[in-house]
Amino acid sequence: MSPSHGPSPVPAADIVVFGGTGDLAVRKLLPALYLRDRDGQLPPTTRIVATSRAGLDEDGYRDKIRGDLPAFVRPEELDDAVLTRFIARLTHVSLDIADDDSWPALARELPDAEKVRVFYLAIAPSLFGTVSEQLDRHGMVTPQSRLVLEKPLGHDLASALAINDAVGAVFEEQQIFRIDHYLGKESVQNLLVTRFANTFLEPLWNATSVDHVQITAAESLGVGSRGGYYDGSGALRDMVQNHLLQLLCLVAMEPPTYVGRETVRDEKLKVLQALKPITGTDVDDHVVAGQYQAGLAQGAAVASYREDAERPGSVTETFVAIKAEVQNWRWAGVPFYLRTGKRMEERCSEIVIQFRSVPHPMFPDAEGTSEPNRLVIQLQPEEGMKLHLTAKEPGPGGIRLRPVSLDLNYAQTFQKHSPEAYERLLMDVVRGNPTLFMRRDEVEAAWRWIEPIHERWARPEHAPRRYPAGTSGPFAATTLIERDGRSWHE
Ligand SMILES: NC(=O)C1=CN([C@@H]2O[C@H](COP(=O)(O)OP(=O)(O)OC[C@H]3O[C@@H](n4cnc5c(N)ncnc54)[C@H](OP(=O)(O)O)[C@@H]3O)[C@@H](O)[C@H]2O)C=CC1
Ligand SMILES: O=C1O[C@H](COP(=O)(O)O)[C@@H](O)[C@H](O)[C@H]1O
């Protein structure tokens, strides 16, 4: 496929949301679709068919969403006329995925076989295979159909393979869209633009100039009401296997011939395949697991993970720090430090490219020191980019070296809010553009790398290290990086 020029228009579609009454649909998917409608991106004949076992009729579901949706968009984004137009697109089919008899009602809602069909599975991954089979059995899969799979895609390599086989038996790979919502974040896409639409970074983007890379996704919240899911998952599966490894891939990948649907995914796969396996006792040296204890978060007392999740003896990790290595020419010897955790002192997601120190002190008589340059790509809570430099403090006396930064704040520079990740990703699904979605081989490669860490942690003596809520994680994570003579960017 050759490079295209500008995004293609969004065609009319029937968007079927399995799990249409669930948290994800109500909090993220429907608000994202509403916002796209508000911007005029949904053609008049686009319809949204929600399914769940709740015995709701069309009016009941419309009333529910009319009541729920305003809480999940900004007040200034609410427009009564648009909301009325959007609500009129909705319908609900009561459907028990396991019950063969309830499927014909869904088929009746999809009379136009030529229209784009999106089947969005906002349900547990254990149901993905059954849904695909039933859609096939009831004749709903057309060449214009796309299947969207939410994470987690399984809980290990074997279950991911089984899911991929089951959905792959019905849908072509190009029809399957595996969501990683981090890829829909504006600042993540801007990472690609910064790397590949500018010339100044590429000559420096390698082991000759880069000392190390840090990727952090810290959350101030705990597990909330998701303890049931989270306790079987943990931070390694929930955040590292997908979001953090995807960010690592975007930082480390080679420039593709152009940024296109398969070219980027081909390059990301090569990075995943070049990750040095962390196995056996190396896991103890390269990976730190933590679990939050009761503590103070933003000044308020908060419970421990075990209390939040109602799992008194749980050894599930809510924090992970990893020292990873990409074994290729570009990155040989450059550590990639990854870190994610819940109930950390603040919400902050960022990528830090730490460049090497100057090779020789050029200002022996100066006050202050020359700090190594650092590029910080901020994903959350603010989106932006900072380039840290050393500058001369103005003054007639001797030379004073001072750290300064060149700041780009997206909201201020572009005078507008970035769209939510799901807005972008949902429109890409309808357009049929898979560039920002994970391909089967990527997901499987990521599980292959993660699995030996879980194997090591399966030993009875393994337990995550405790850290008080509202802190930066267990002390061992600090040691992990400090023993290399480096420190976490705070
Ligand atoms: N919530 C989030 O922020 C995120 C969620 N995800 C993933 O998305 C998926 C959904 O999550 P979430 O919305 O939080 O889950 P919820 O439990 O809130 O919702 C699940 C939905 O699935 C429906 N459902 C469950 N079982 C069946 C069935 N047998 N037949 C038909 N419908 C069924 C439920 O309706 P009913 O019970 O009435 O049938 C409900 O609408 C999960 O895999 C989750 O891991 C991924 C990223 C973020
Ligand atoms: O996928 C997930 O991501 C969220 C964090 O997303 P963010 O966009 O707020 O950074 C995390 O809370 C959740 O546990 C995980 O499943």
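Residues numbered from 1 in each chain as written. Chains lettered and ligands numbered in written order. Predicted model: local features only at pLDDT ≥ 70, side-chain atom pairs only at ≥ 80, totals over all residues.

**Section: the overall build of the protein chain**
Piece 1. In terms of regular secondary structure, the protein chain is built from 16 helices and 17 strands.
Piece 2. Each principal axis of the C-alpha atoms in the protein chain carries an extent, and together these give about 80 × 55 × 45 Å.
Piece 3. Among the 490 residues that make up the protein chain, the fraction classed as buried is 39%. (Helix = DSSP H or I, 4+ residues; strand = E, 2+ residues; numbered from the N terminus. Buried ≥ 20, exposed ≤ 12 C-beta atoms within 10 Å, placed from the backbone.)

**Points about the site of ligand 1**
Piece 1. Residues in close proximity to ligand 1 total 22 residues, the closest being Gly-19, Gly-22, Leu-24, Ser-52 and Arg-53.
Piece 2. The element contributing the most residues to the shell around ligand 1 is helix 1 (residues 23–38), with three residues.
Piece 3. Per-class residue counts for the shell around ligand 1 are 12 nonpolar, five polar and five charged. (Near = placed C-beta within 6 Å. Nonpolar A, V, L, I, M, F, W, Y, C, P; charged D, E, K, R; others polar.)

**Focus on the site of ligand 2**
Piece 1. Contacts to ligand 2 come from Ala-217, Glu-219, Asp-238, Ser-349 and Gln-380.
Piece 2. Taken together, the residues of the shell around ligand 2 break down into one nonpolar, two polar and two charged.

**Details of the pairing of strand 5 (residues 145–149)**
Piece 1. Most of strand 5 sits out of view: five of its five residues are buried.
Piece 2. Of the pairings in the sheet, the one linking strand 4 (residues 116–121) to strand 5 comprises five bridges and is parallel in character. Its bridge partner lying in strand 5, Leu-121 is registered against Leu-149.
Piece 3. At this point the chain moves from strand 4, through helix 5 (residues 128–137), to the parallel strand 5, and the crossover so formed is right-handed.
Piece 4. Pairing of strand 5 with strand 6 (residues 176–178) involves three bridges; the strand directions are parallel. Paired with Leu-149 across the bridge in strand 6 is Arg-178.
Piece 5. In this fold, strand 5 hands off to helix 6 (residues 157–168), which returns the chain to strand 6; that crossover is right-handed. (Pairing = 2+ DSSP bridges. Right-handed = clockwise from strand over helix to strand, strands pointing away.)

**Here's the deal with the UniProt feature "domain: Glucose-6-phosphate dehydrogenase NAD-binding" (unreviewed entry) in the protein chain**
Piece 1. Listed under "domain: Glucose-6-phosphate dehydrogenase NAD-binding" (unreviewed entry) in the UniProt record, and renumbered for this structure, are residues 16–190.
Piece 2. With 38% helix and 16% strand, residues 16–190 has its two end C-alpha atoms placed 30 Å apart. (UniProt positions renumbered as here; feature names shortened; annotations may be inferred.)

**Quick notes on the UniProt feature "binding site: NADP(+)" (unreviewed entry) in the protein chain**
Piece 1. UniProt records the feature "binding site: NADP(+)" (unreviewed entry) at Arg-53, Asp-96, Ile-97 and Lys-151, using the numbering of this structure.
Piece 2. Among the secondary structure elements, Asp-96 is positioned in the loop between strand 3 (90–94) and helix 4 (104–108).
Piece 3. Judged by local crowding, Asp-96 falls into the exposed class, with 12 C-beta atoms found within 10 Å.
Piece 4. If near-sequence neighbours (up to four positions away) are discounted, Asp-96 is found in contact with Arg-53 and Ser-102. (Contact = placed C-beta atoms within 7 Å.)

**Considerations on the domain arrangement of the protein chain**
Piece 1. For the protein chain, the assigned domains are domain 1 (13–150) and domain 2 (183–420 + 439–482).
Piece 2. Centre-to-centre, using C-alpha coordinates, domain 1 lies 34 Å away from domain 2. (Domains from an automatic or database assignment.)

**Details of the sheet that holds strand 6**
Piece 1. Spatially, six strands are ordered 3-2-1-4-5-6 in an open sheet, and the strand pairing comes out parallel. Unpaired on one side and paired on the other, strand 3 and strand 6 mark the two borders of the sheet. For this sheet, the mean inter-axis angle between neighbouring strands, taken without regard to orientation, is 20°.
Piece 2. In the packing of helix 14 (residues 421–431) onto the sheet, contacts are made with strand 1 (13–18), strand 4, strand 5 and strand 6, and the angle to strand 4 comes to roughly 135°. (Axes fitted to C-alpha atoms, helices over the stretch in contact; angles between N-to-C directions.)

**Considerations on the sheet that holds strand 17 (residues 465–468)**
Piece 1. Sheet architecture is open: nine strands sit in the order 16-15-14-13-7-12-11-8-17, paired in mixed fashion. Each edge of the sheet is formed by a strand with only one pairing partner; in this case those strands are strand 16 (401–409) and strand 17. For this sheet, the mean inter-axis angle between neighbouring strands, taken without regard to orientation, is 20°.
Piece 2. Examined bridge by bridge, strand 8 (residues 287–293) and strand 17 share four bridges and lie parallel to one another. From the neighbouring strand, Gln-291 faces strand 17, where its bridge partner is Arg-466.

**Let's talk about helix 5**
Piece 1. By the burial criterion, the buried members of helix 5 are Phe-128, Val-131, Ser-132, Gln-134 and Leu-135. With its buried residues spanning 165° around the axis, helix 5 presents them on a single face.
Piece 2. Those residues of helix 5 that are buried are in contact with strand 1, strand 4, strand 5 and helix 6.
Piece 3. Of the residues one or two after helix 5, Gly-139 is the one with positive phi, at around 65°. (Arc of directions from axis to C-beta.)

**What to know about the nonpolar core**
Piece 1. Counting 120 residues, the largest nonpolar core has Tyr-120 and Leu-248 as the members making the most contacts within it.
Piece 2. A per-element tally of this core places helix 9 (residues 235–252) first, with 12 residues.
Piece 3. Each of domain 1 (13–150) and domain 2 (183–420 + 439–482) accounts for three or more of the residues forming this core.
Piece 4. Leave out the neighbours within four places in its chain, and Leu-248 touches Ile-215, Val-271, Ala-324, Phe-336 and Leu-338. (Core = buried A, V, L, I, M, F, W, Y, C linked by C-beta atoms within 7 Å.)

**Looking at the packing of helix 9 against helix 15 (residues 440–457)**
Piece 1. At their nearest, the axes of helix 9 and helix 15 sit 10 Å apart, and the two run at 145° to each other. In the packing of helix 9 onto helix 15, the handedness of the crossing is right-handed. Contacts between helix 9 and helix 15 involve Leu-236, Val-240, Gln-241, Asn-242 and Leu-245 from the first element and Ala-446, Trp-447, Ile-450, Ile-453 and His-454 from the second.
Piece 2. When grouped by side-chain class, the residues that make up the contact of helix 9 with helix 15 number seven nonpolar, three polar and no charged. (Left-handed = near helix turned anticlockwise from the far one by under 90°.)

**Considerations on the environment of Gln-246**
Piece 1. Tracing the backbone through its elements, the reader meets Gln-246 in helix 9.
Piece 2. A C-alpha to C-alpha distance of 9.1 Å links Gln-246 and Glu-442, two positions 196 residues apart in sequence.
Piece 3. Among all residues touching Gln-246, those that are not within four sequence positions of it are Asp-180, Tyr-182 and Leu-183.

**What about the packing of helix 9 against helix 10 (residues 263–274)?**
In a pair of packed helices, the angle between the axes and the distance between the axes together describe the arrangement.
Piece 1. At a minimum axis distance of 9 Å, the contact between helix 9 and helix 10 shows a crossing angle of 105°. Of the possible angle classes, the one that applies to helix 9 and helix 10 is roughly perpendicular. Residues Leu-245, Leu-248, Cys-249 and Ala-252 of helix 9 form the contact with helix 10, whose own contacting residues are Lys-268, Val-271 and Leu-272. (Parallel < 35°, antiparallel > 145°, perpendicular 65-115°, else oblique.)

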